[in-house]
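These are the residues of each chain, in order.
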Amino acid sequence: MNSNNPQTAGRQFPIYEDLVKAHFIAAIVYSLIVVLSGMSYALQFLNLYPFPGVELLSPGRVRMTHTMAVAYGWLANGFFAILHYVIPKLTGYATFSKKLGWICFWVFNALVVLSELMILAGFGQAVEWGETPKELDPLIAIAGVLAVFNFLAPIWKARNKSFYVTVWYITAALVWLPLVYVMGNFIPQYWMPGSGGAAITSMYIHDLVGLFVTPLGVGLVYYLLPVLLKKPVYSHALSLTGFWGLAFFYPMNGAHHYLQSPIPMWSQYAAIVASIGIHVVVYTVIFNYFATMQGEYRKIVSSIPVRFIAVGSICYLLTCIQCAIHVTMSAQEIIHFTDWVPGHAHLVLFGTFSFWLYAWIYYLWPRIFKTELYSRTMCEWHFWLATVGVLVMWMDLLAAGVMQGYMWKNLVPFISSVEATKPFWWTRALAGTAILVSEFVFVVNIYMTWKYRRQAFSEQKLNEPLTRSTAPESGK
Amino acid sequence: MKFLEKFNFIFLVAGLGLLVTAFITLGLIPAMMTKSLGAIDYHPTEIPDNFTKHYSTLEEYEAALYKGRDIYVKEACWHCHSQYVRPVGNEALRYGPVSTPGEYDNSLNLPQLFGTRRVGPDLSREGGKRPNDWHFVHLYNPRDVVPQSVMPGYPWYFDKEKNPKPEAVALVAYLQWLGSQVEQTGQPVADGE
């Protein structure tokens with residue numbers, strides 16, 4: 001790997017720091033939309049929805065803005081920001097063009113904002129994770145291809161090197177992204193109805209997370225963790241197994257989102273076997289992360305980014321163990337269609353990938369502004385509220401799902417299962433409140449870091465153990 | 001094994017090859033088996049009795065079905081109501097006959113609306129279970145007929161006298177159509193309400 005000395009960042013490597021900043025700011029703004037829309041939707045389940053009877057803020061539409069803001073607003077912008085930083089560092093070349101980077105930034109974000117507004121106006125599309133209006137889908141695909149071209153150009157220039165694992169993940173994810181997007185948003189909309197369309201939609205539901213968010217998340221942690229710990233990754237062979245296992249197993253997982261549906265049974269069984277194969281991938285990756293941390297476990301306490309990576313990794317392990325259990329037909333009979341599924345989704349996209357993104361933002365944000373984090377105390381509040389919030393939400397929704405599944409199987413009236421779930425939905429709303437507060441603490445901390453940025457850069461303070469003398473006090 | 005770390009191999013094999021293979025084997029081939037390459041245009045053959053006072057011609061009724069489906073999509077009904085009955089979990093007893101690929105083969109299922117979550121009950125066998133008036137009241141404010149319901153109301157599809165606008169009628173026409181494509185015979189058992 002190239003030198004990671006932050007003092008030389010931006011001078012030795014052709015990094016367009018303004019683009020990193022812009023994408024981070026966009027991601028952080030969307031993260032507020034994510035928590036606000038999610039919280040509003042959770043209140044509908046308690047009949048406490050804040051805007052009852054308002055057509056443009058109907059809960060069904062707000063739910064779509066929540067998931068779209070997660071995938072295209074928060075995670076995609078966050079990853080694009082990091083790619084603008086990491087790709088020049090790993091390849092030694094700048095992205096194709098700064099101007100193209102800015103065009104992609106503005107076009108992509110204009111499309112995301114327009115998608116959110118059009119969904120509220122009633123133009124949502126009936127493709128899960130692809131609710132962006134069908135009128136905008138071709139434009140989003142074009143913007144995606146341009147962004148991919150911009151990022152792949154420097155990797156292409158350096159193609160004769162043996163790349164570090166992060167670049168494999170980035171390369172594959174960038175090839176997958178436009179293909180997956182076009183497949184999922186056009187084929188079920190215009191060509192294949194019913195079961196065939198469901199087979200394609202299920203692949204899209206899985207691939208957007210499995211072939212875009214997962215490889216970028218995993219690959220970027222492979223970069224950040226050794227940098228934070230100042231030591232090499234534990235095993236090159238393990239990272240090779242993890243990458244090729246992902247490339248082989250993940251694309252075949254799709255049909256597990258519509259199990260016991262009219263999609264041909266053999267393809268459902270194939271998806272189940274491939275989903276269990278994911279164990280190989282996850283165990284190698286998680287073992288590699290924690291083996292890299294060996295001897296440095298104190299940093300989980302002292303360094304905020306390392307802690308977010310470690311807890312995110314544990315959540316990743318939990319989701320994947322959970323996946324391999326609930327993907328079986330006998331578990332599906334009970335938990336399919338229940339609250340178990342949103343519980344799982346929140347642990348994946350918040351507990352894992354958002355936590356890894358927080359680690360990156362806490363690492364990179366002070367560095368690109370040549371300053372230090374505004375408040376360590378606020379980091380602690382952010383971390384603990386988010387962690388407790390997501391774990392409570394996860395366990396609460398899992399329990400609710402099992403209860404609903406058995407009530408349905410035992411043929412009690414449907415509305416009784418709704419009534420029985422209300423205490424669980426209250427707990428979910430409280431856990432959601434913790435996450436909402438944590439997000440605001442995070443955003444305020446990031447804003448204040450920017451506001452008080454005119455300070456000497458000190459890398460020491462971020463990685464040193466937290467003691468009274470080194471802990472940055474708030475308001476400094 | 002160095003080729004496993006090279007750009008070209010990753011681009012072609014991991015990026016293109018494995019994804020396209022999965023798309024063909026688990027996407028295209030299942031679609032061919034379920035005859036869902038291209039939708040069969042759906043045209044209703046008669047206006048159901050409970051809609052003859054709203055629609056006088058088949059064309060009007062057909063347009064209403066598609067309009068109702070579009071409202072079902074834009075309000076994201078499909079996020080909380082599934083549209084397939086599984087062969088497990090006693091679902092055939094609760095909802096009606098187990099779903100088969102053939103019944104989803106038409107243009108009203110383009111895009112498909114299987115759904116992945118049941119905050120409310122499955123709707124694929126909803127047609128004919130309840131009268132139109134129940135649906136209108138329920139859409140205006142679900143708690144007027146089901147006090148414990150958590151479903152949002154849709155008052156903007158009703159005028160000032162709380163009479164359904166054409167959109168509400170179209171949506172109910174679509175809901176009452178659901179299940180009409182079931183090929184097998186089978187007596188649905190009531191939903192225990």
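Reading the values: rules and limits
- Residues numbered from 1 in each chain as written.
- Chains lettered and ligands numbered in written order.
- Predicted model: local features only at pLDDT ≥ 70, side-chain atom pairs only at ≥ 80, totals over all residues.
- Helix = DSSP H or I, 4+ residues; strand = E, 2+ residues; numbered from the N terminus.
- Rg over C-alpha atoms; globule rule 2.2 N^0.38 Å.
- Buried ≥ 20, exposed ≤ 12 C-beta atoms within 10 Å, placed from the backbone.
- Contact = placed C-beta atoms within 7 Å.
- Nonpolar A, V, L, I, M, F, W, Y, C, P; charged D, E, K, R; others polar.
- Domains from an automatic or database assignment.
- pLDDT = per-residue confidence, 0-100.
- Axes fitted to C-alpha atoms, helices over the stretch in contact; angles between N-to-C directions.
- Parallel < 35°, antiparallel > 145°, perpendicular 65-115°, else oblique.
- Left-handed = near helix turned anticlockwise from the far one by under 90°.
- Expected span 1.5 Å × (residues − 1).
- Bend = angle between axes of the 7 residues up to and from the residue.

**Brief notes about the overall build of chain B**
Part 1: The secondary structure content of chain B amounts to 5 helices and 0 strands.
Part 2: Mapped from its N terminus to its C terminus, chain B presents α and β elements in the order α-α-α-α-α.
Part 3: By the compact-globule yardstick of 16 Å for 193 residues, chain B is too spread out, its C-alpha radius of gyration being 21 Å.
Part 4: Residue burial in chain B is summarised as follows: out of 193 residues, 45% are buried.
Part 5: Pairs at least 24 residues apart make up 70% of the contacts formed inside chain B by residues separated by at least 6 positions.

**Brief notes about the overall build of chain A**
Part 1: Regarding its fold elements, chain A presents 15 helices and 0 strands.
Part 2: Its C-alpha atoms give chain A a radius of gyration of 22 Å, near enough to 23 Å, the size a compact globule of 476 residues would have.
Part 3: Projected onto its principal axes, the C-alpha coordinates of chain A cover approximately 65 × 50 × 45 Å.
Part 4: Expressed as a percentage of the 476 residues in chain A, the buried residues total 57%.

**Observations concerning the interface of chain A and chain B**
Part 1: Residue-level contacts link 74 residues of chain A with 69 residues of chain B.
Part 2: Contributions of two or more residues to the side of chain A that touches chain B are made by α2 (59-91), α4 (137-157), α5 (165-191), α6 (194-229), α7 (236-249), α8 (265-293), α13 (376-409) and α14 (414-451) of chain A.
Part 3: Here the side of chain A that touches chain B takes 10 residues from α5 of chain A, the largest share from any one element.
Part 4: Grouping the amino acids of the side of chain A that touches chain B by side-chain chemistry returns 46 nonpolar, 20 polar and 8 charged.

**Notes on the environment of Ala 271 of chain A**
Part 1: Here Ala 271 of chain A lies in helix α8.
Part 2: Among the residues examined, Ala 271 of chain A registers 26 C-beta atoms within 10 Å and is labelled buried.
Part 3: Residues Ala 271 of chain A and His 257 of chain A, 14 residues apart in the sequence, show an inter-C-alpha distance of 9.2 Å.
Part 4: Residue contacts for Ala 271 of chain A: discarding those within four places in its chain leaves Met 252, Asn 253, Gly 254, Ala 255 and His 256 of chain A together with Leu 26 of chain B.

**Things to note about the environment of Ala 172 of chain A**
Part 1: Along the chain, Ala 172 of chain A turns up in helix α5.
Part 2: In the structure, Ala 172 of chain A is positioned 125 residues away from Tyr 297 of chain A in sequence and 31 Å away in space, judged by C-alpha atoms.
Part 3: Those residues in contact with Ala 172 of chain A that sit more than four places away from it in its chain are Pro 215 and Ala 247 of chain A together with Ile 10, Ala 14 and Gly 15 of chain B.

**Some thoughts on the domain arrangement of chain B**
Part 1: Taken domain by domain, chain B comprises domain 1 (2-33) and domain 2 (49-177).
Part 2: When each unit is reduced to the centre of its C-alpha atoms, the spacing between domain 1 of chain B and domain 2 of chain B is 39 Å.

**Section: the confidence of the model for chain B**
Parts of the prediction with low pLDDT should not have their coordinates interpreted in detail.
Part 1: With 94% of its residues at a pLDDT of 70 or more, chain B has an overall mean of 91.
Part 2: Overall fold confidence for the complex sits at a pTM of 0.92, while the interface term, ipTM, reaches 0.91.

**With respect to unusual backbone geometry**
Part 1: For the peptide bond that leads from Leu 110 of chain B to Pro 111 of chain B, omega is 0 degrees, which places it in the cis range.
Part 2: Assignment of secondary structure puts Pro 111 of chain B in the loop between α3 (91-94) and α4 (132-140).
Part 3: Its identity is not glycine, yet Phe 337 of chain A carries a phi of approximately 75 degrees, on the positive side.
Part 4: Within the fold, Phe 337 of chain A resides in the loop between α11 (329-335) and α12 (340-368).
Part 5: Note on Phe 337 of chain A: 25 C-beta atoms within 10 Å, which makes it buried.

**What about the confidence of the model for chain A?**
Residues and elements named next belong to chain A.
Part 1: For chain A, mean pLDDT is 92; residues scoring 70 or higher make up 93% of the total.
Part 2: In this model, residues 1-11 is a region of pLDDT below 50 whose contacts with residues beyond four sequence positions or in other chains number 12 contacts.
Part 3: The low-confidence segment residues 464-476 (pLDDT under 50) makes 18 contacts with residues lying over four places distant or belonging to another chain.

**Here's the deal with the packing of α6 of chain A against α8 of chain A**
Residue and element names in this part refer to chain A.
Part 1: Contact geometry for α6 and α8: axes closest at 11 Å, N-to-C directions at 10 degrees. By the angle class used here, α6 and α8 are roughly parallel. Contact residues: Ala 199, Val 218, Val 221, Leu 225, Pro 226 and Leu 229 in α6; Ser 267, Val 285, Tyr 289, Thr 292 and Met 293 in α8.

**Regarding the packing of α8 of chain A against helix α10 (residues 304-326) of chain A**
All names here are of chain A.
Part 1: Axis separation between α8 and α10 bottoms out at 10 Å; the angle between their running directions is 160 degrees. One way to sum up the angle between α8 and α10 is to call them roughly antiparallel. As α8 packs across α10, the resulting crossing turns out to be left-handed. Counted together, Ser 275, Ile 276, Ile 278, His 279, Val 282, Ile 286, Tyr 289 and Met 293 of α8 and Ala 310, Ser 313, Tyr 316, Leu 317, Cys 320, Cys 323 and Ala 324 of α10 form the full contact between these two elements.
Part 2: Along the lines of polarity and charge, the residues of the contact of α8 with α10 split into 12 nonpolar, 3 polar and no charged.

**With respect to α12 of chain A**
All names here are of chain A.
Part 1: With 29 residues, α12 extends 40 Å from end C-alpha to end C-alpha; this agrees with the ideal 42 Å at 1.5 Å per step.
Part 2: At Ser 354, α12 shows its maximal bend, which comes to roughly 30 degrees.
Part 3: Counted residue by residue, α12 has 25 buried out of 29 residues, so it is predominantly covered.
Part 4: Just downstream of α12, Lys 370 is the residue with a positive phi angle, here 50 degrees.

**Examining helix α1 (residues 7-33) of chain B**
Part 1: The terminal C-alpha atoms of α1 of chain B lie 36 Å apart, and with 27 residues this matches the ideal 39 Å at 1.5 Å per residue to within 8%.
Part 2: The largest bend in α1 of chain B comes to about 30 degrees, at Ile 24 of chain B.
Part 3: Of all the residues in α1 of chain B, the buried ones are Phe 7, Ile 10, Ala 14, Gly 15, Leu 18, Leu 19, Ala 22, Phe 23, Leu 26, Gly 27, Pro 30 and Ala 31 of chain B.
Part 4: For α1 of chain B, the elements touching its buried residues are α4, α5, α6, α7 and α8 of chain A.
Part 5: Following α1 of chain B by one or two positions, Lys 35 of chain B adopts a phi angle in the positive range, close to 55 degrees.

**Some remarks on the environment of Lys 162 of chain B**
Residue and element names in this part refer to chain B.
Part 1: If you trace the backbone, Lys 162 turns up in the loop between α4 and α5 (166-177).
Part 2: For Lys 162, a count of 11 C-beta atoms within 10 Å corresponds to the exposed category.
Part 3: With 50 residues separating them in the primary sequence, Lys 162 and Gln 112 have C-alpha atoms 32 Å apart.

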